[in-house]
Amino acid sequence: MNIRILSPELQQKIAAGEVIDRPASAVKELVENALDAGATTIRVDIQEAGRRLIRVIDDGYGIPAAEVRLACERFATSKIVHEDDLRRVRTFGFRGEALPSIAAVSRMRLLTRERSALLGTEVRLEGGTLLSSQEAGAALGTAVEVWDLFYNTPARRQFLRSLRTEYGHILGVCTRFALGFPDKSFSLSFDGREVSAFQPGTLPDRIASCFGREASASLEEFESTGITGRTWGFVLPTEVAWRRRYYFFVNHRAVRNPTLYRAVRDAMPGEGGMVLLFLDVPPSVIDVNIHPAKAEVRFRDDPAVYDLVRGALQRRARPAWLQVERVAEREAEYRQQTNTRFSLLGQIEKTFLLTMSEGHLYILDQHAAEERVLFEQLQSGTVKQRALIAPQVVTLSVEEQEFLESKAAEISQCRFTVESFGPQVITLRTVPDFIHPKDASMIFSRWLVRVRQHGEDFHQALSCVAAVKAGQELAPEEQARLLERWSQASNPHACAHNRPVYFRLALDEVRRKIGRTGLSCEFTDPAAS
Ligand code: ADP
Ligand code: MG
């Protein structure tokens, strides 16, 4: 479709508002344009958190030479013509606002070539005014460079937060596109450093690239089709996703929506974890024209969407490998395990170890016992370092990143080696040897929350997050190993937080309680004595 200016009536109907309020919103608009143009490879380069440069290069179908200047005018769009088209839009854009809004507050250079043209077109604008327009050699597709964003609106420029905050927003925008379009190739660089490079793949592949392999191994899948549409996606259970986070994509558009939020929350009450939810519906049943940045949608039939999504999530499937592991553990359950000082009787309720020593029964809290063991190792500095063959990526909030930098000594004392990978992204190179590589980034992230937000002691918090949890089934060998390590602790009685580790029941006391004095049924009658 050709680019034209929307009719005045239609201009009135469009949810108005400020489109470009920070570098990340310019990135969002430009990547949306690239996707709307059918690009399969999109590259985003950022300098100085977007204040100096935002560049988005795509291999989409380009803009015809005759229309390039028009594309930068207000309300010029190739995506809708009539009001009815609003009910049919499948593209991200439809208002013709992004390019002019960005051009108005920057120095913009746009280079584009459509397939049928030999030469491309280059236009330059400054503060929205056209400086030049000429033929130029160009690859197929479009490259938009946005220099010195907000240079002519000093108030806006000053309003920008720290570089790190702005980088965080940009990373968030790009992560959502990467998740929304796993079949496209995306790359992102900050100040010349490659932050992420995503190859086309499946959604689980993409989740693995964004959140680590350990996350993608625990995905719980859901899918359901109803008359309203089709929903599908994945849940990362709480053990893997330390933060509660929902990503919603309606027709691949990343959005917020209260109905979807309620449906997820009601399907998994009390559970944290991460949810990646896709919903594909006919464009006619949603309204995308309700938010200036198109970050929200409204459904024409909320209850139907609610039921579809909630039902799908309730029926989600656990990953196959988790089920297999459980069975293997059960088979080994009957073998008797012994320990030098304690005899192990078994695990109760997946929470306690039942053991016996010198005529006493000990009911041991498995978590508290291991926490004590790890805490003593950390305190005595005897923990070894484990190098990760595949370094694990951890994403951080701005506050976490700052905290990490200020606590570098404590972090490395706990045997973690952290490398900066991009703003708000780090990789773990080594971890304490009691952490299994596949849990590394999850444990690290949880630990960080405990020491930063709750001000907990580093050793206490680490021994707690790394120790086996209540409710975790342990194979008999694992039970025995834990018992052995705990029985050698210098203070086996209390966990790192000084709560008791076990309850001891003396057999003498048991005898007294049930009145056993002899070997057979000759009970002393308490009333007779
Ligand atoms: P909208 O996306 O709402 O139509 P924009 O201001 O973002 O408005 O873009 C105006 C027009 O310029 C688009 O409708 C499209 O025709 C064209 N355009 C913008 N970016 C690209 C791109 N990367 N590739 C191809 N065409 C583009
Ligand atoms: Mg657009």
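Residues numbered from 1 in each chain as written. Chains lettered and ligands numbered in written order. Predicted model: local features only at pLDDT ≥ 70, side-chain atom pairs only at ≥ 80, totals over all residues. Heavy atoms only, no water.

1. Observations concerning empty space enclosed by the protein
Put simply, the rule is: Points on a 1 Å grid over protein atoms alone make up a cavity when a 1.4 Å probe fits among them but cannot get out, and a pocket when they form an open set with protein on both sides within 12 Å along at least five of seven lines; lining residues each have an atom within 4 Å of a point. Grid points are joined across faces, edges and corners, and a volume is the space filled by probe spheres set on the points. Secondary structure elements follow DSSP: runs of H or I of four or more residues count as helices, runs of E of two or more count as strands, with numbering from the N terminus.
Per the stated rule, a full pass over the model turns up one cavity of 30 Å³ or more. Residue lining of the largest cavity: Val31, Val44, Cys174, Phe177, Ala178, Phe186, Ser187, Leu188, Ser196 and Phe198, and that is the complete set. When residues of the lining of the largest cavity are traced back to their parent elements, those giving at least two are helix H6 (163–180), strand S9 (185–190) and strand S10 (193–198).

2. Notes on the sheet that holds strand S6 (residues 120–126)
The test is simple: Strands were regarded as paired on the criterion that DSSP finds at least two bridges between them. Every axis in this analysis is a line fitted to C-alpha atoms, fitted for helices over the stretch in contact. Angles between the N-to-C directions lie between 0 and 180 degrees. Whether two residues touch is decided by their heavy atoms; if any such pair falls within 4.5 Å, the residues are in contact.
With respect to topology, eight strands assemble into an open sheet ordered S7-S6-S5-S8-S3-S2-S9-S10, the strand pairing being mixed. The open sheet has two edge strands, strand S7 (129–136) and S10, and neither has a second partner. On average, adjacent strands in this sheet sit at an angle of 10° to one another, irrespective of strand direction. As defined by bridge partners, S9 adjoins S10 across five bridges and the pair is classed as antiparallel. Bridging across to S10, Phe190 finds its partner in Arg193. Contacts between helix H2 (residues 23–36) and the sheet are confined to strand S2 (41–47), strand S3 (53–58), strand S8 (141–147) and S9, with S3 contributing the most and set at about 10° to the helix.

3. Here we look at the site of ligand 1
Note the threshold: Residue proximity to a molecule or strand is established when one non-hydrogen atom of the residue lies within 4 Å of it. Polar contacts, as counted here, are pairs of nitrogen or oxygen atoms within 3.5 Å of one another; within protein the pair requires one atom able to donate a hydrogen and one able to accept it, and residues that are adjacent in sequence qualify only if both atoms are side-chain atoms. Computed with a 1.4 Å probe, the accessible areas rest on the Shrake-Rupley method; for each residue, only the protein chains presented here act as cover.
Ligand 1 sits among 21 residues. The nearest are Asn33, Thr77, Ser78, Lys79 and Gly96. Between ligand 1 and the protein, one listed contact pairs an oxygen atom with a side-chain N or O atom of Lys79 at 2.7 Å. Between ligand 1 and Gly96, the relevant distance is 2.8 Å, taken from an oxygen atom to a main-chain nitrogen or oxygen of the residue. Protein contact buries 95% of the 530 Å² of open area that ligand 1 shows by itself.

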